[in-house]
Amino acid sequence: MMLNSKSIGNKIAEARKKTNLSQAELAQQVSISPQAVGKWERGESLPDIMTLNRLAEILAVDLNYFSESFQRGTVDTMLYESVEADGQAYPADREPKSENQAGRSWDMSKGNWENADFSGLKNLSEQFSSSNIKNCKFTNADLSGLILGKNNIELCDFSYSDLKSSRIQSSNLLKNQFDHCSFIDTDFSRSNIGKCNFSGADFTGARFDTGCFESNEMTNTVLKRTSFKNTGISDVIFEGRIEDCHFEGCGFYKVKFQGAIILNTFFKYNRKFKKVEFSDCKVDRLTYAFLKNNEANLTGITLIEE
C-alpha cells in the first residue's frame, strides 16, 4: 500500500461527499479541525495510519480504499447511495460497523509500506504478506500469530511487540529493532535475518530452519528450547543462559559463545564448528559430550560438576 498524499486526499473527499458529510462534520468525528481535513483533501498533509483506520470506519470503506493500487472500479461497489441510520450516514444495503467489527477486513499484503506507524495495533496476523516494509513502527504492537511470506522488512522498529506463534517464511529481515520482543514458538524458515537487534528478546520454543542468521545483536536474549537447523550463523555472540537448545546442520563463521551457561543443548553435523570460540562458558556433561563429538575447541569451557 503506497501512501500518496494527493491520492489519499482525493479519496477522502470522494468518500466524504458520497456519505453526505461536510468537512466540519468529518472533522468532528475524527476529533480534529476542519482545516486539517481541508489540508488532507488538498494533499497538503497526510493522516497517520490510525487516523486512516478511523476514517475508513466513518466513511464505511475498507482501509485498502486509500491505496494507490486500489481498483477504481470497486469504489462504487463500496460507496452506495447513503442513507441515515441513528443520525449517521451509511451506504445503502450495508449495516453500520460496530467498534468490534471495524478493521477486521484489513489486507495490506502485496504492498509497499514506508514510514508508517502501526504502534500499539492489534490483529494484524495475515495482512502484510509479500510486502516491502521500510522505516515503519510496530512498537508495543500485538502481532501474535503474524504470518509473513516473501516480505522485505528493513529499518523497522518492533520494540516490545508480541510476535509469539508467528510464521516468517522466505523473507528478508534487515537492520530492524526487535529488542524485548516475544518470539515464543515462532517459526523462521528460508529467511535471511541480518543486522537486527534482538536484545532482551524471548526465543523460547522458536525454530530457525534453512536460512541465514548474520550480525545480529543477542544481548540478554532468552534461548530455551530454541532450535537452529540448516542455518548459516555468522558474526553472532551468544551469551547468557542457553537451555534445551538444538543446533543441527548449521554453518558457523565468526561465532562466539561468551559467558554463557549452556545446558542440555544438542549439537550435530555442524560445519566449521572447530572455529567457534567459547569464552568463560559453563556446560553440563551432556552438552560437553555433544560439543566434543562436534570437535569443538573446548578451550574456555568449564564443566559444571553435578
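In case you missed it, the structure is sitting above this.
Residues numbered from 1 in each chain as written. Predicted model: local features only at pLDDT ≥ 70, side-chain atom pairs only at ≥ 80, totals over all residues. Heavy atoms only, no water.

A. Highlighting the overall build of the chain. A count of helices and strands for the chain gives six helices and 19 strands. By the burial criterion, 48% of the 306 residues in the chain qualify as buried. Pairs at least 24 apart in sequence give 16% of the contacts found in the chain among residues at least 6 apart. When the accessible surface of the chain is totalled, it reaches about 14,900 Å², and 45% of it is carbon and sulfur. (Helix = DSSP H or I, 4+ residues; strand = E, 2+ residues; numbered from the N terminus. Buried < 20%, exposed > 50% of the residue type's maximum accessible area, 1.4 Å probe, protein only. Contact = heavy atoms within 4.5 Å. Areas by Shrake-Rupley, 256 points an atom, 1.4 Å probe, with all protein chains shown as cover.)

B. Looking closely at the packing of aromatic side chains. Evaluated as defined, the whole model comprises 30 aromatic pairs. Where Phe238 meets Phe247, the ring centres are 5.9 Å apart and the plane angle is 80°; that geometry is what we call edge-to-face. Assessed through its relative accessible area of 1%, Phe247 is described here as buried. Both rings, one in Phe273 and one in Phe278, keep their centres 6.2 Å apart while their planes meet at 65°; by these two values the pair is edge-to-face. You can call Phe278 buried: its relative accessible area is 4%. (Phe/Tyr/Trp six-rings, centres within 6.5 Å; stacked < 30°, edge-to-face > 60°.)

C. Quick peek at the side chain of Asp162. Examined against the element boundaries, Asp162 turns out to sit in the loop between strand E6 (152-154) and strand E7 (167-169). Here the side chain of Asp162 touches Lys164 through a polar contact of 2.4 Å, side chain to side chain. (Polar contact = N/O pair within 3.5 Å; in protein donor to acceptor, adjacent residues only side chain to side chain.)

D. Looking closely at the environment of Asp185. Within the secondary structure, Asp185 sits in the loop between strand E8 (172-174) and strand E9 (187-189). Distance in space between the C-alpha atoms of Asp185 and Gly205 is 4.5 Å, their sequence separation being 20 residues. Discounting residues that sit within four places of it in the chain, Asp185 has contacts with Ser165, Ser166, Thr204, Gly205, Ala206 and Arg207.

E. Inspection of the pairing of strand E15 (residues 251-263) at higher detail. Pairing analysis gives 10 bridges linking strand E13 (residues 227-243) to E15, with the strands arranged parallel. Across the sheet, residue Ser234 finds its bridge partner in E15, namely Tyr253. Two elements, E15 and strand E17 (residues 277-279), share three bridges in a ladder whose sense is parallel. Residue pairing across strands places Phe257 opposite Phe278, the latter belonging to E17. Bridge analysis of E15 against strand E18 (residues 281-283) gives two bridges, and the strand direction is parallel. Its bridge partner being in E18, Ile261 is matched across the sheet by Lys282. (Pairing = 2+ DSSP bridges.)

F. Spatial organisation of the nonpolar core. If you look at the biggest cluster of nonpolar residues, it comprises 73 residues, and the most contacted ones within it are Phe66, Phe198, Phe203, Ile233, Phe238, Phe257 and Phe278. At the level of elements, helix H1 (5-18), helix H2 (23-30), helix H3 (34-41), helix H4 (49-59), strand E11 (207-214), E13, E15 and E18 are the ones that each hand at least two residues to this core. Per element, the largest residue contribution to this core is six residues, and it comes from H4. Not counting the four nearest positions on each side in its chain, Phe278 is found in contact with Phe257, Ile262, Phe273, Leu291, Ala296, Asn297, Thr299, Gly300 and Ile301. (Core = buried A, V, L, I, M, F, W, Y, C linked by side-chain atoms within 4.5 Å.)

G. Structural detail: the pattern of salt bridges. Applying the stated criterion across every chain yields a total of nine salt bridges. Here Arg16 makes a salt bridge to Glu41, at a shortest N to O gap of 2.6 Å. Highlighted residues: Arg16 in helix H1 and Glu41 in helix H3, separated in sequence by 25 residues. Accessibility assignment for this pair places Arg16 and Glu41 in one class, buried. Residue Arg285 pairs with Glu305 through a salt bridge whose shortest N-O separation is 3.5 Å. With Arg285 in helix H6 (residues 285-293) and Glu305 in the segment after strand E19 (301-303), this pair connects stretches of sequence that are 20 residues apart. (Salt bridge = Lys/Arg side-chain N within 4 Å of Asp/Glu carboxyl O.)

H. Seen up close, H3. Three or more residues of H3 are buried, namely Val37, Gly38, Trp40 and Glu41. The buried residues of H3 all sit within an arc of 160° when viewed along its axis, so they share a single face. Those residues of H3 that are buried are in contact with H1, H2 and H4. Of the residues flanking the end of H3, it is Gly43, one or two places downstream, whose phi is positive at about 75°. (Arc of directions from axis to C-beta.)

From the geometry alone we can't say anything about function, so treat these as descriptive.
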